[in-house]
Amino acid sequence: MATAIVRSGLRSALRGGASTPRVSPASKRSFSSSSSPQEEAAEASKWEKITYVGIVACTTLAIFNLSKGHPHYDEPPAYPYLHIRNKEFPWGPDGLFEVKHH
């Protein structure tokens, strides 16, 4: 098996080396079956324009939405049942992270 690999390498070296790959015109692959390069360029140009229009539309909509104000609601009433403390905490009566405003 090793001799077959060596022989194959020698044959390709004598024919022009492995660094010059031979590509036949029949092996050239086209990804779109019936599109010409001009049609592909026109399609790419169309989608580029659609992208730019979409960017402008989204930016305009964002600016419009952000420029409108949003409602500010009044502070909810301080219901006495929200901060029931039946027992003192070990770190003090104000709580660990909150400070009561008198």
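Calculation criteria
- Residues numbered from 1 in each chain as written.
- Predicted model: local features only at pLDDT ≥ 70, side-chain atom pairs only at ≥ 80, totals over all residues.
- Heavy atoms only, no water.
- UniProt positions renumbered as here; feature names shortened; annotations may be inferred.
- Helix = DSSP H or I, 4+ residues; strand = E, 2+ residues; numbered from the N terminus.
- Buried < 20%, exposed > 50% of the residue type's maximum accessible area, 1.4 Å probe, protein only.
- Areas by Shrake-Rupley, 256 points an atom, 1.4 Å probe, with all protein chains shown as cover.
- Salt bridge = Lys/Arg side-chain N within 4 Å of Asp/Glu carboxyl O.
- Patch = residues over 30% accessible without salt bridge, like charges linked within 9 Å, V, L, I, M, F, W, Y side chains within 5 Å.

The name recorded for the protein chain in an unreviewed UniProt entry is Cytochrome c oxidase-like protein, from Perilla frutescens var. hirtella. In its Subcellular location (unreviewed entry) section, UniProt records this for the protein chain: "Mitochondrion inner membrane". Check the Sequence similarities (unreviewed entry) section of the UniProt entry for the protein chain; it says "Belongs to the cytochrome c oxidase subunit 6A family."

1. A look at the overall build of the protein chain
Per the secondary structure count, the protein chain includes 2 helices and 0 strands. The 102 residues of the protein chain split such that 2% are buried. Looking at the protein chain as shown, the accessible area adds up to about 10200 Å², and 64% of this sits on carbon and sulfur atoms.

2. Regarding the pattern of salt bridges
Summed over the entire model, instances satisfying the criterion amount to 1 salt bridge. Lys46 serves as the salt-bridge partner of Glu43, at 3.2 Å between the closest nitrogen and oxygen. Here the residue Glu43 and the residue Lys46 both occupy positions in helix H2 (residues 37–67), the gap between them amounting to 3 residues, near one helical turn. Residue classification places Lys46 among the partly exposed positions, given a relative accessible area of 39%.

3. Concerning a nonpolar patch on the surface
A cluster of nonpolar side chains, namely Tyr79, Tyr81, Leu82 and Ile84, defines an oily patch on the protein surface of about 460 Å² accessible area. For Leu82, a relative accessible area of 53% translates into the label exposed.

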